[in-house]
Amino acid sequence: MSVVSDRLPAFPWDKLEPYKTTAAAHPDGIVDLSVGTPVDPVPEAVQKALIGAADSPGYPTVWGTPELRDAIVGWAGRRLGARGITHHHVLPVVGSKELVAWLPTQLGLGPGDRVAFPRLAYPTYEVGARLARADHVAYDDPTELDPAGLKLLWLNSPSNPTGRVLSKEELTRTVAWAREHGVLVLSDECYLELGWDADPVSVLHPDVNGGSHDGIVSVHSLSKRSNLAGYRAAFLAGDPAVLGPLLQIRKHGGMMTPAPSQAAAAAALGDDEHVRVQRERYAARRAALRRALTGHGFRIEHSEAGLYLWATRDESCWDTVAHLADRGVLVAPGDFYGPAGERFVRVAVTATDERVRAAVDRLTA
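Residues numbered from 1 in each chain as written. Predicted model: local features only at pLDDT ≥ 70, side-chain atom pairs only at ≥ 80, totals over all residues. Heavy atoms only, no water.

### Brief notes about the packing of helix α2 (residues 44-52) against helix α9 (residues 259-269)
And then number 1: Running from amino to carboxyl end, α2 crosses α9 at an angle of 150°, the nearest separation of the two axes being 8 Å. In terms of axis orientation, α2 runs roughly antiparallel to α9. Our pair here, α2 against α9, has a crossing hand that is right-handed. Along the contact surface, α2 presents Ala45, Val46, Ala49 and Leu50, while α9 presents Pro260, Ser261, Ala263, Ala264, Ala267 and Ala268.
And then number 2: Class assignment of the residues belonging to the contact of α2 with α9 gives a composition of nine nonpolar, one polar and no charged. (Axes fitted to C-alpha atoms, helices over the stretch in contact; angles between N-to-C directions. Helix = DSSP H or I, 4+ residues; strand = E, 2+ residues; numbered from the N terminus. Parallel < 35°, antiparallel > 145°, perpendicular 65-115°, else oblique. Left-handed = near helix turned anticlockwise from the far one by under 90°. Contact = heavy atoms within 4.5 Å. Nonpolar A, V, L, I, M, F, W, Y, C, P; charged D, E, K, R; others polar.)

Okay, structure coming up:
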């Protein structure tokens, strides 16, 4: 009897541990720009909402409170330009990684079915396919895929790791192709509110989907835009014909966001000001790190949105990781995201201002 873990690749972050040890030995300590975890305070209004819901002795609902669904619907209309979104078009989830990992299984995919994702991609897309025992394929242009057996197409804009943003025209063409071939589109848009050199567009925008949500679902997270990674608060929005059955499956599985986190998420989605403030923090850190990296001999590609700089010195990513670790700076090797990233590193801009200044000083010394 095989263990489920046998279907999975080795956990990539374990390979980074020796370099983390090297970086931590720097006299001024490590500057960790690898994982990209938020470090700034949770907005005060969100903390108050969490505290206000702390006395929650009963079970939360999988579908979320009406207040949370209202907040998601309002945000989708206000921020994404989505039209016709109702409570039946939304579904809270317990963080976006959980959703990505288990969605193919919850959709009933298995051997003979295929899941497609970008050539450079968040590793959990592949993990989700493996957990379901489905086949997986990486693409450069999704419309060039063989649609036979293709059941789930992942889009990711802005991209993790590259920060690339798909244009409205690219999204429109892909959605039309997927509908023509009966392929479900899942658009991972967790970094959508963090556009710098481009303005990311959602598949829920009517200019992309023609005013119909059929066959499309977008994925959103509060981890980065609201510093709520510790709250595990994310949600889906899109086709009710997909979300309705998922809701029933998740009820059976007990996949419910804790009630205090639901209250916090509703407060976060109702407040745009804290997002503006956080964006300014990230913009300043990004600009400082970008200048320091290019001055140190790096070339930055894409990176027009999101929380990472996709950087290369035209050498093995592991040589670059070692080079920076010797300077007390830890970054993620590009091959974590696919063989096409083997000469790049992903540099997160999520460290504190003090740690970013330390990294800049080390790169410019």
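The structure having been displayed, the exposition proceeds.
### A look at the side chain of arginine 114
And then number 1: For arginine 114, the position within the fold is in strand β3 (residues 114-118).
And then number 2: No salt bridge is formed by the buried arginine 114; the nearest opposite charge belongs to aspartate 146, separated by 4.5 Å.
And then number 3: Among residues more than four places away in sequence, those in contact with arginine 114 are Asp135, Val137, Asp146, Pro147, Ala148, Gly149, Leu150, Lys151 and Leu152. (Buried < 20%, exposed > 50% of the residue type's maximum accessible area, 1.4 Å probe, protein only. Lys, Arg positive; Asp, Glu negative; His and termini not counted. Salt bridge = Lys/Arg side-chain N within 4 Å of Asp/Glu carboxyl O.)

### Quick notes on the nonpolar core
Soluble, globular proteins show a tendency: their nonpolar side chains are buried together.
And then number 1: In this structure, Leu33, Trp154 and Leu236 are the most contacted members of the largest nonpolar core, which totals 69 residues.
And then number 2: Beyond its immediate stretch of four places on either side in the chain, leucine 236 contacts His89, Val90, Leu91, Val93, Leu99, Val217, Ser218, Val219, Leu243 and Leu246.
And then number 3: Membership of the second largest hydrophobic core comes to 42 residues, among which are Ile85, Tyr139, Trp177 and Leu222. (Core = buried A, V, L, I, M, F, W, Y, C linked by side-chain atoms within 4.5 Å.)

### Digging into the sheet that holds strand β13 (residues 345-348)
And then number 1: Read from one edge of the open sheet, four strands run β9-β10-β13-β12, paired in antiparallel fashion. Either end of the sheet is taken by a strand with one partner, and the two such strands are β9 (299-301) and β12 (332-333).
And then number 2: Bridge count for β12 against β13 is two bridges, and the pairing is antiparallel. Within β13, the position partnered with alanine 332 by the bridge is arginine 346. (Pairing = 2+ DSSP bridges.)

### Examining helix α11 (residues 317-325)
And then number 1: The element α11 is largely enclosed, with a buried count of seven among its nine residues.
And then number 2: Those residues of α11 lying buried are Cys317, Trp318, Thr320, Val321, His323, Leu324 and Ala325.
And then number 3: Contacts made by the buried residues of α11 are with α1 (17-24), β11 (329-330), β12, β13 and α12 (353-364).

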